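Structural characterization, general
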Amino acid sequence: MLGLTAAAAGAFALPRAGLAGVAAEASLTLEMANRFSAVALNAIQTEFPNKLDHVMAGPADVQAPRAQHPIFYGSFDWHSSVHGHWMLIRLLRTQPALAQADAIRAVLEGHFAPANVAVELAYLQRPESSAFERPYGWGWYLRLAQDLAQWDDPQGRRWSQQLQPLTDAFVARFIAFLPKLVYPIRVGTHTNSALALGFALDFARATNARPLEALIVQRARDWYAGDTDAAAHLEPSGYDFLSPALIEADLMRRVMPADEFSRWLGRFLRGIEQGKPATLFTPGKVLDRTDGHLVHLDGLNLSRAWCWRAIAAALPQKDPRRAPASRAARLHAEAGLAAVLSGHYAGEHWLPQFATYLLTETP
């Protein structure tokens, strides 16, 4: 999720049209799915330009991205490649008439070959890779693994089995790391704790990974259950693609029973029923979509939309906070979806995945 040169972006140029007017409760249409999948299918097969998260122990570690990551080498960085692959799997699952379904299956068949899994696993096992993509890439990988595990498709089941060594490795990383993390990471970018925990918790529940589920619930309560008066009036920061306050609430609605969550939310975010703080109800603004950091704010609008929608769904039907939360979800969805296919690779290599999560995930 960073910027590229105009020349690099041109390699990915496809005819574009805006997605303005698509509201938070809309579903992903076949037309949108075809456009999103065309961009992602290109990106996950394109090695350069590439931003590696790579610690080198010596000269032998000077390698091209595809040598290190024969599955997740495309889309500019490893985590964007992971959620690009996730999106293509989600679209295969939910859009039977997807135009490029056969092409997507062929590419994923090659990428998920056991020999490639072995190389990705060997990279993770390097001592220098202990913090590789922690925790954002970990969470998105488990989101991918969850979709494969829940897909009733022969090829999907085989891919899930082939990827199992990687899945086991990321589960083990969460279990080893979370007890050592004394304080949560409350930022609006990749190192945020709550997003990764939410995705990992969904995976754990979907796959009956009980030790992981219990650990995440305990750590979430340790870190967040006592929180009050979130500093949401200071959001967003200039490079945010997550709201630290809302992504925390999105995690806690998974962790707490509905009544407890409602009370907690009242202490954590006061004034929702009055549209306060106004900063959480106002979409972020992007002035330069060729800048890979500034365009994060388009992602912020999409992630805020899915958080507000989930928060509204978790509240009682007559709760006065429900309607303002739903309105905020619609407003942010409309702003975010209008920018997904801007023609600039800085955003296009990852924003369709955020849009797909918003439009296909049921809170």
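Scroll up a little and you will see the structure.
Predicted, not measured: the structure shown is a model, and the values here were computed from it.

With respect to the overall build of the protein chain
A count of helical and extended segments in the protein chain gives 17 helices and 0 strands. By the compact-globule yardstick of 21 Å for 363 residues, the protein chain fits well, its C-alpha radius of gyration being 20 Å. A principal-axis box enclosing the C-alpha atoms of the protein chain has dimensions of 55 × 45 × 40 Å. For the protein chain, buried positions account for 57% of its 363 residues. In the protein chain, 78% of the contacts between residues at least 6 apart in sequence involve partners at least 24 apart. Surface exposure of the protein chain reaches about 14,000 Å², of which carbon and sulfur atoms provide 56%. Across the protein chain, the mean location of the 34 positive side-chain charges is 5 Å away from that of the 34 negative side-chain charges.

Comments concerning the nonpolar core
Ranked by internal contacts, the top residues of the largest apolar core, which has 108 residues, are Y141 and W308. When sequence neighbours within four positions are dropped, the list of residues in contact with W308 reads L246, I272, L280, F281, A325, A328, A329 and H332.

Remarks on the packing of helix α4 (residues 78–94) against helix α17 (residues 351–360)
When two helices pack together, you describe them by how their axes are tilted relative to each other and by the distance separating the axes. One can describe the packing of α4 onto α17 by two numbers: an axis separation of 9 Å at closest approach and a directional angle of 40°. Accordingly, the angle class assigned to the pair α4 and α17 is oblique. In this structure, α4 crosses over α17, and the sense of that crossing is left-handed. Residues S80, H83, G84, W86, M87, R90 and L91 of α4 form the contact with α17, whose participating residues are P352, Q353, F354, T356, Y357 and T360. Here the residues of the contact of α4 with α17 sort into 6 nonpolar, 6 polar and 1 charged.

Thoughts on helix α10 (residues 193–206)
The end-to-end C-alpha distance of α10 is 20 Å, a good match for the 20 Å that 14 residues give at a rise of 1.5 Å each. With 12 of 14 residues buried, α10 is to be regarded as a mostly interior element. Buried within α10 we find S193, A194, L195, A196, L197, G198, F199, A200, L201, D202, F203 and A204. Against α7 (136–149), α9 (164–177), α11 (210–224), α12 (244–255), α14 (296–314) and α17 lie the buried residues of α10. Where α10 starts, the residue carrying a side-chain oxygen 2.8 Å from the main-chain nitrogen of A194 turns out to be N192. Following α10 by one or two positions, N208 has its phi on the positive side, about 60°.

A look at the packing of aromatic side chains
For the coordinates displayed, the defined rule picks out 26 aromatic pairs. For the pair F72 and Y141, a centre-to-centre distance of 6.5 Å together with 80° between the ring planes defines the contact as edge-to-face. Remark: Y141 occurs in helix α7 and F72 occurs in the loop between α3 (65–68) and α4; sequence separation between them is 69 residues. No difference in accessibility class separates F72 from Y141, as the two residues are buried. Consider the rings of W306 and F354, whose centres lie 5.2 Å apart with planes at 55°: the pair is tilted. Of this pair, W306 sits in helix α14 while F354 sits in helix α17, and the two are 48 residues apart along the sequence.

What counts, and at which threshold
- Residues numbered from 1 in each chain as written.
- Predicted model: local features only at pLDDT ≥ 70, side-chain atom pairs only at ≥ 80, totals over all residues.
- Heavy atoms only, no water.
- Helix = DSSP H or I, 4+ residues; strand = E, 2+ residues; numbered from the N terminus.
- Rg over C-alpha atoms; globule rule 2.2 N^0.38 Å.
- Buried < 20%, exposed > 50% of the residue type's maximum accessible area, 1.4 Å probe, protein only.
- Contact = heavy atoms within 4.5 Å.
- Areas by Shrake-Rupley, 256 points an atom, 1.4 Å probe, with all protein chains shown as cover.
- Lys, Arg positive; Asp, Glu negative; His and termini not counted.
- Charge placed at Lys NZ, Arg CZ, Asp CG, Glu CD.
- Core = buried A, V, L, I, M, F, W, Y, C linked by side-chain atoms within 4.5 Å.
- Axes fitted to C-alpha atoms, helices over the stretch in contact; angles between N-to-C directions.
- Parallel < 35°, antiparallel > 145°, perpendicular 65-115°, else oblique.
- Left-handed = near helix turned anticlockwise from the far one by under 90°.
- Nonpolar A, V, L, I, M, F, W, Y, C, P; charged D, E, K, R; others polar.
- Expected span 1.5 Å × (residues − 1).
- Polar contact = N/O pair within 3.5 Å; in protein donor to acceptor, adjacent residues only side chain to side chain.
- Phe/Tyr/Trp six-rings, centres within 6.5 Å; stacked < 30°, edge-to-face > 60°.

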